[in-house]
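Here's the letter readout for the chains.
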Amino acid sequence: MALKKHHKLILLVIFVFAVLIVIAANVKTTKAIVSLPFGGLITFTEVCNEGIRISVGKPIPKLYILTHGSIRLTPSFSIPRVGQFTLGLFKPTPITCTKGTVPTGTGLPIIMAGGSL
């Protein structure tokens, strides 16, 4: 009789352990936003549906898009302009810049940016 109780206890522990494994396998994990730094002199600006596409010059020239959801850390939230220095964080996944329905290019979406006066 004691042996049967022992077997039932072992089966119960195995069952509970199996249920916990299934629950743990189905738990969704959160993903962190990968962001990389950028900075330099703005050499080009273009307004598009997604926001403002800017080219940031030296040391590494690249095209970025200041989207409508970007955090701007500039005085009075000014619009980026040629000749202004900027720095911030961007996502490394390019998006398309369109005017109406016509694509005009791609750029890397800015998460947060600040600039000079």
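For the structure itself, consult the block above.
Read on for an overview of the structure. (Residues numbered from 1 in each chain as written. Predicted model: local features only at pLDDT ≥ 70, side-chain atom pairs only at ≥ 80, totals over all residues. Heavy atoms only, no water.)

Re the environment of glycine 88
Phase 1 of the analysis: Within the fold, glycine 88 resides in strand S5 (residues 85–90).
Phase 2 of the analysis: Sequence-wise, glycine 88 and isoleucine 71 are 17 residues apart; in three dimensions their C-alpha atoms are separated by 9.5 Å.
Phase 3 of the analysis: Setting aside chain neighbours within four positions, we find glycine 88 in contact with Leu36, Pro37, Phe38, Met112 and Ala113. (Helix = DSSP H or I, 4+ residues; strand = E, 2+ residues; numbered from the N terminus. Contact = heavy atoms within 4.5 Å.)

A few points about the pairing of strand S2 (residues 51–56)
Phase 1 of the analysis: Of all six residues in S2, six are buried, a share of seventy percent or more.
Phase 2 of the analysis: Pairing of strand S1 (residues 36–48) with S2 involves six bridges; the strand directions are antiparallel. Bridging from a neighbouring strand, phenylalanine 44 pairs with serine 55 of S2.
Phase 3 of the analysis: Remark: two residues form the turn of the hairpin made by S1 and S2, two consecutive strands paired antiparallel. (Buried < 20%, exposed > 50% of the residue type's maximum accessible area, 1.4 Å probe, protein only. Pairing = 2+ DSSP bridges.)

Brief notes about the state of the cysteines
Phase 1 of the analysis: The full count for this structure, using the stated rule, is one disulfide.
Phase 2 of the analysis: Between the sulfur of cysteine 48 and that of cysteine 97 lies a disulfide, 2.1 Å long from S to S. On the S-S bond that ties cysteine 48 to cysteine 97, the torsion sits near -125°, and the link is left-handed. Residue cysteine 48 is found in strand S1, and its partner cysteine 97 is found in strand S6 (residues 95–99); the two are separated by 49 residues along the sequence.
Phase 3 of the analysis: The buried category is assigned to cysteine 48, whose relative accessible area is 7%. (Disulfide = S-S within 2.5 Å.)

Structural measurements only, silent on function.
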